[in-house]
Amino acid sequence: MRKILLFAAITMVQWLMAQQQQSPNGEVMLTFALTAEGAPTYRVDYKHKPVIKESRMGFALKNIESFDRGFTVVDTKTTTFDETWQPVWGEESHIRNHYNELAVRLRQKNTGREMLIRFRVYDEGVGFRYEFPRQAELKYFVIKEELTEFAMTGDYKAWWIAGDYDTQEYDYTESRLSQIRTLHDKAVTPNASQTPFSPTGVQTALMMKTDNGLYINLHEAALVDFPCMSLNLDDKKMVFQAWLTPDPRGDKGDIHTPFSTPWRTVMVSDDARNILASRLILNLNEPCALKDTSWIHPIKYVGVWWEMITGKSTWAYTDELLLEPLNKVDYTKLKPNGRHGANNDNVRRYIDFAAKHGFDQVLVEGWNIGWENWHDYDFVTSYPDFDLKALNDYAHSKGIKLMMHHETSGEAGNYERRLSDAYKLMKVYGYDAVKSGYVGDLTPRGEYHYSQWAVGHYLYAIKEAAKHHLMVNAHEAVRPTGLCRTYPNLIGNEAARGTEFEAFGGSKPFHTTILPFTRLQGGPMDYTPGILETQVWYTNPDNKSWARSTLAKQLALYVTMYSPLQMAADLPENYEKFADAFQFIKDVPVDWQKSVYLEAEPGQYITIARKDKHSDDWYIGNTSNENGHSSQLSLSFLDKSKKYEATIYADAANADYEHNPKAYTITKQKVTSKSKLKLRAAKGGGYAIALRVMR
Ligand code: NOJ
Ligand code: CA
C-alpha cells in the first residue's frame, strides 16, 4: 500500500512538473511530462476530455542506449505562429496556419545525448516530432523501433485497412478496435505485392469515432528520409504503437544528425466536418521549395487506360513470348496481338475526343516496349504502332498534351538509373506530366514499398521532375503526408484502392465516404472517377465486374474527392452514351477558391460545396453508402447578391447501385443564398450540382 502511495505521489510530482500548451481557441490541450524514470510522455485533451491518455515517446536504438528514458528537461520554449499562405492549387486559395508551439529540449543523464520534441497545437489537433541536433556523441544511429504510443480511452469504432509494408489497396473495414484481430485476415485481400506485418496492424490515416461522438484521426506529416509509419494495436490496453517499415536488414531507419522525424499527428473534433476542413497535415509541411511554380497547373484528362483495366485491350503489343533482352528485340518483326490499346489510330481518337470536350491531356499507357516481359523497361522506346513524334504533334495541334506513363513494375532501382533520360525525352516531345507506377515487389530486393529507401526514391523522382518542370502522379508509391505543399509538382498519388478495383470485382459502396477522412488527409488522390457505364460487361463482355456506385455518384466524386488532377476515366463511347450526364464532368473545375463541408459522417455520407477558383460558380457533390442518404441543404454559403441556375444530377427515384445504377435525372432550378434544397442519394448513390451565376 505504501509503495502504491509513494508511486502515486511521484507520478503526481511528475505531472505537476508537466509542460502544457493549448490550441489558439483553447479547446485542444497538450501535456508533456517525464515519468519517474525520465521517460517522455504526452497526452491530448479536447474540451477538457482525454483524447490520447498519457502515452510513451522515444526510440529503441541499435547497439547504443535507447532514447526512451533517463531524460531531464534542459529547457522548454513556447511560441505562437499565425500565417496565411497560398497553395499553388488546392481546396481553397488561402490556408491559415495557426498554432501554439511547445519545444522541449531533453538530455539523457547517462549519455549526455540530446533530443528535442516539438509539439504544435492547432484547433483541430496536435502534431509532434523528434529532433536530433548534431552532437559529438551522436553523429549516426540506427533505429530499432519507434516507441511512440497513442493510448486510446476506449474501444472506439474505426475505419481501417490492414497494416502492410507493400500495399494500401485494401477495402476499408468498419469495426470496433477490439474486433480488428478477428477481422484482419479477411481484410487482407490479394495484391501484386503485399506484406501484412501483424494481426492488429493498421495503416494511417486511421479514422476513429468514440461512443460520445468524438472523431479522432491519427496520421503523419512530412514523411521525408524516414520509414513510413503504420500502427500496431495492443488490443488488451487499447494502445497503438508506431510501427515503422523495416529495411532489408530489419532495421527501421538510418539517421544522420541533425535530423527531424516526420510529424506524428492526432486530429480531433466533435464534428466530422472539421476533420475534412482541417489543413493540419499540409501546415506541418515545409513551405513550397520551388522558386518558380508558374509551370505547375491542374489537369483534367482522359486516357487510353480503362480499356486495358477492364481487359478490352492490352498494354502489350504482342502475345509472343520474348526471351531476348529488350534491347535485342526487333518489335517490327513480331506479330501484333491486334488488341494493343496505345496504337496510333486509337490514340488519335482519344486526342480528338479530348479536344472536342475541352480536356487538357490524354494519358497513354502501354506506349513503350517491355509490357510483354513486365521487366526492365527503358521508358524511352515506343512500340512500332505508337509514333511518339507524330502523336505529340497531332495532340499539340489541337491544344492537347499527352501524359507520359512510366510503369516501373516495382523496379525502382532500374527507374532511378533511367529517370534522367526518361524525363529528357518527355521534354523533347512536349510532355509536362508523368504517371508513374510501382506494381509488384520492389527491387532493390528486400526493400518494401514504404521503407526509408523507397520513401527517398519517390521524393527523388519528384525533385528531379521539378528540375525538368514536370508534374508527377505516382501510383503504388507511399501514402502522401502533405508533401505536395513543399513540392506542388506532386499533383497526384494513388496510394489507396482506386477506381481500377471496380473492374477487378468492386470496392465496398461506402469506400468514397471514408477516403476523404483517411487517404486524402495527406494529399490528393488520382482516384480516376467518372465510370458512367458502371456495368463493366458493356465495355468488355468478358468482364462481369460492376462499380458499387450509381452513375450520379460517379459525377459527385469530382467534388468530394478533391484533386487538381482529375481523370474522366471511362471510354469516349461510354461518354457519348450518357452525353447529358457527361456535361457535369466537362464543366466541373479542378481548382477551388473555397470549400464548405456541408455534411459528413465517415462510412455514411459526405456532402461538399466548392467555389471555382476562377469564377463565382459553385459545385456540390454528395457520396453515400449502401443505405443512401437524404439531405436538406441550406445554400447560405452562396453570394447574397447573386442568382444562380442550379443543374442537379441526381439518382432517379428507382435507382440503386446494385439493381438500377444508371437511372438518373437532370433538373434545373433557380436558387439564391436563401434557398434550401431537398435531395436524396440512392443506395450506393450520390448527387452532383452545378450552380452557375446568372447574368
Ligand atoms: C496500376 C495503376 O494503379 C494503374 O492505374 C495502371 O494502369 C497499372 N498499374 C499499369 O501500370
Ligand atoms: Ca494501383
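Residues numbered from 1 in each chain as written. Chains lettered and ligands numbered in written order. Predicted model: local features only at pLDDT ≥ 70, side-chain atom pairs only at ≥ 80, totals over all residues. Heavy atoms only, no water.

Visitor: Sorry, what's going on with the coordination of the calcium ion (ligand 2) here?
Guide: Ideal geometry at a metal centre: 109.5 degrees between donors when four sit tetrahedrally, and 90 or 180 degrees when six sit octahedrally. The calcium ion (ligand 2) binds to the protein through Glu169 (OE), Glu476 (OE), Glu494 (OE), Glu494 (OE) and Glu500 (OE); the donor distances cover 2.3 to 2.6 Å. Here the calcium ion (ligand 2) binds six donor atoms, and the angle range of 52 to 170 degrees at the metal identifies the geometry as irregular. Each donor residue of the calcium ion (ligand 2) belongs to the same chain, with the gaps between them written as E-x306-E-x17-E-x5-E. In terms of burial, glutamate 494 and glutamate 500 fall into one category: buried. (Donors = N, O, S within 2.8 Å, 3.2 Å for Na, K, Ca; no water. Tetrahedral: all angles 85-135°; square planar, octahedral: opposite > 155°, others 65-115°. Buried < 20%, exposed > 50% of the residue type's maximum accessible area, 1.4 Å probe, protein only.)

Visitor: What am I meant to see in the site of ligand 1 here?
Guide: Contacts to ligand 1 come from 13 residues, most closely from Trp305, Glu365, Glu407, Lys435 and His475. In this structure, an oxygen atom belonging to ligand 1 sits 2.9 Å away from a side-chain N or O atom of glutamate 494. Contacts to ligand 1 include glutamate 500, whose side-chain N or O atom sits 3.2 Å from an oxygen atom. Alone, ligand 1 offers 300 Å² of accessible surface; in the complex the protein occludes 93% of this. For the shell around ligand 1, the residue count by class is five nonpolar, two polar and six charged. (Near = heavy atom within 4 Å. Polar contact = N/O pair within 3.5 Å; in protein donor to acceptor, adjacent residues only side chain to side chain. Areas by Shrake-Rupley, 256 points an atom, 1.4 Å probe, with all protein chains shown as cover. Nonpolar A, V, L, I, M, F, W, Y, C, P; charged D, E, K, R; others polar.)

Visitor: I'm lost on the nonpolar core in this one. Help?
Guide: For soluble globular proteins, the rule of thumb is that nonpolar side chains tend to be buried together. Grouped together as the largest cluster of nonpolar side chains are 194 residues, with contacts concentrated most on Phe119, Phe150 and Phe240. With eight residues, the top contributor of residues to this core is helix 9 (residues 452-467). With residues up to four places along the chain from it excluded, the contact list for phenylalanine 119 reads Leu30, Phe32, Tyr42, Met57, Asn100, Glu101, Leu102, Val104, Val126, Gly127 and Phe128. With 20 residues, the next largest nonpolar core counts Ile620, Leu635, Ile648 and Tyr687 among its residues. (Core = buried A, V, L, I, M, F, W, Y, C linked by side-chain atoms within 4.5 Å. Helix = DSSP H or I, 4+ residues; strand = E, 2+ residues; numbered from the N terminus. Contact = heavy atoms within 4.5 Å.)

Visitor: For this particular structure, what's the right way to read the sheet that holds strand 25 (residues 433-437)?
Guide: Strand pairing in a sheet relies on backbone hydrogen bonds, with the paired strands running either antiparallel or parallel. A sheet is described by the order of its strands in space; here seven strands give the open sequence 27-26-25-24-23-22-28, paired in parallel fashion. Across the chains shown, the open sheet's two edge strands, defined by having one partner strand only, are strand 27 (490-493) and strand 28 (565-567). Strand-to-strand twist of the sheet, defined as the mean angle between neighbouring strand axes without regard to direction, takes the value 25 degrees. For strand 26 (residues 471-475) and strand 27, the ladder comprises three bridges, and the chain directions are parallel. Its bridge partner being in strand 27, asparagine 473 is matched across the sheet by glycine 492. (Pairing = 2+ DSSP bridges. Axes fitted to C-alpha atoms, helices over the stretch in contact; angles between N-to-C directions.)

Visitor: Can you walk me through the packing of aromatic side chains in this structure?
Guide: Centre-to-centre distance and the angle between the planes together describe a pair of aromatic rings. For the structure shown, the criterion picks out 43 aromatic pairs. Geometrically, the ring pair formed by phenylalanine 67 and phenylalanine 71 is stacked, given 5.7 Å between the ring centres and 20 degrees between the ring planes. The class of phenylalanine 67 is buried, set by a relative accessible area of 0%. Residue phenylalanine 71 is classed as buried on the basis of its relative accessible area of 2%. Ring geometry for tryptophan 315 and tryptophan 371: centres 5.5 Å apart, planes at 10 degrees, overall stacked. Taken together, the residues span a long stretch of sequence, with tryptophan 315 in the loop between helix 5 (306-309) and helix 6 (344-357) and tryptophan 371 in the loop between strand 23 (361-364) and helix 7 (388-397) at a distance of 56 residues. (Phe/Tyr/Trp six-rings, centres within 6.5 Å; stacked < 30°, edge-to-face > 60°.)

Visitor: Explain the pairing of strand 17 (residues 229-234) to me, please; I cannot follow it from the model alone.
Guide: Two faces make up the sheet, and in a regular strand the side chains alternate between them. For strand 17, the buried fraction is high: five of the six residues fall into the buried class. As paired strands, strand 14 (residues 201-202) and strand 17 are joined by two bridges and run antiparallel to one another. Within strand 17, the residue paired with valine 202 across the bridge is leucine 231. Examined bridge by bridge, strand 17 and strand 18 (residues 239-244) share six bridges and lie antiparallel to one another.

Visitor: What's the story with helix 12 (residues 579-587) in this structure? I'm lost.
Guide: Count 3.6 residues to each turn of an α-helix, and residues three or four apart come out pointing the same way. Among the residues making up helix 12, those that are buried are Ala581, Phe582, Phe584 and Ile585. Taken end-on, helix 12 shows its buried residues confined to a sector of 140 degrees, consistent with a single buried face. (Arc of directions from axis to C-beta.)

Visitor: Sorry, what's going on with the packing of helix 10 (residues 551-560) against helix 12 here?
Guide: For any two helices packed against each other, one specifies the inter-axial angle together with the distance between the axes. Running from amino to carboxyl end, helix 10 crosses helix 12 at an angle of 10 degrees, the nearest separation of the two axes being 9 Å. If you check the angle between helix 10 and helix 12, you find them roughly parallel. Contacts between helix 10 and helix 12 involve Leu551, Leu555, Tyr558 and Val559 from the former and Ala581, Phe584 and Ile585 from the latter. Of the residues contributing to the contact of helix 10 with helix 12, the split by class is seven nonpolar, no polar and no charged. (Parallel < 35°, antiparallel > 145°, perpendicular 65-115°, else oblique.)

Visitor: Whenever I open this one, the pattern of salt bridges confuses me. Can you help?
Guide: Oppositely charged side chains can pair when the atoms bearing their charge come close. The tally for this structure, following the rule as stated, stands at 48 salt bridges. Of the charged contacts, one joins glutamate 146 and arginine 264 as a salt bridge, the two residues approaching to 2.8 Å between their closest N and O atoms. Here the residue glutamate 146 occupies a position in strand 10 (residues 140-146), and arginine 264 occupies one in strand 21 (residues 263-269), the gap between them amounting to 118 residues. With a relative accessible area of 0%, glutamate 146 lands in the buried category. Using a relative accessible area of 0% as the deciding quantity, one classes arginine 264 as buried. Two residues, aspartate 587 and arginine 692, come together in a salt bridge whose shortest N-O distance is 3.4 Å. Of the two residues, aspartate 587 sits in helix 12 while arginine 692 sits in strand 36 (residues 686-693), which places them 105 residues apart along the sequence. Overall, the relative accessible area of 22% leaves aspartate 587 in the partly exposed class. The exposure class assigned to arginine 692 is partly exposed, which follows from its relative accessible area of 31%. Sharing partners across several salt bridges, the network here consists of Lys62, Asp247, Arg249, Asp251 and Asp254. (Salt bridge = Lys/Arg side-chain N within 4 Å of Asp/Glu carboxyl O.)

Visitor: Looking at this model, I keep getting lost on helix 6. Mind explaining?
Guide: End to end, helix 6 covers 20 Å across 14 residues, agreeing with the expected 20 Å (1.5 Å per residue, within 8%). Of the residues one or two after helix 6, glycine 358 is the one with positive phi, at around 80 degrees. (Expected span 1.5 Å × (residues − 1).)

Visitor: Please clarify how the pairing of strand 33 (residues 644-651) should be interpreted in this entry.
Guide: Burial of strand 33 is extensive: seven of the eight residues sit out of reach of the surface. Where strand 33 meets strand 34 (residues 664-671), eight bridges bridge the pair, whose relative direction is antiparallel. Among the inter-strand pairings, aspartate 651 is bridged to a residue of strand 34, identified as tyrosine 664. Of the pairings in the sheet, the one linking strand 33 to strand 36 comprises seven bridges and is antiparallel in character. Across the sheet, residue tyrosine 644 finds its bridge partner in strand 36, namely valine 693.

Visitor: Explain the side chain of aspartate 617 to me, please; I cannot follow it from the model alone.
Guide: Inspection of the secondary structure assignment puts aspartate 617 in the loop between strand 30 (605-612) and strand 31 (618-624). Only 2.9 Å separates the side chain of aspartate 617 from the backbone nitrogen of valine 693, close enough to count as a polar contact. Other than its neighbours up to four places away in sequence, aspartate 617 contacts Arg610, Lys611, Asp612, Leu691, Arg692 and Val693.

Visitor: Looking at this structure, how should I read the state of the cysteines?
Guide: In a disulfide, the sulfur atoms of two cysteines are held together by a covalent bond. Applying the stated rule across the entire model yields zero disulfides. Here cysteine 228 stays free of any disulfide, with the sulfur of cysteine 484 as its closest cysteine sulfur at 16 Å. Look at cysteine 228 and you get buried, because its relative accessible area is 0%. Residue cysteine 288 stays outside any disulfide, its sulfur separated by 10 Å from that of cysteine 484, the closest cysteine. (Disulfide = S-S within 2.5 Å.)

Visitor: Just checking my understanding: could you explain the environment of glycine 90 for this structure?
Guide: With respect to the secondary-structure elements, glycine 90 resides in the loop between strand 6 (71-85) and strand 7 (95-108). Sequence-wise, glycine 90 and lysine 594 are 504 residues apart; in three dimensions their C-alpha atoms are separated by 8.9 Å. Setting aside anything within four residues of it in sequence, one finds glycine 90 in contact with Tyr562, Asp591 and Trp592.

By themselves these figures say nothing about function.
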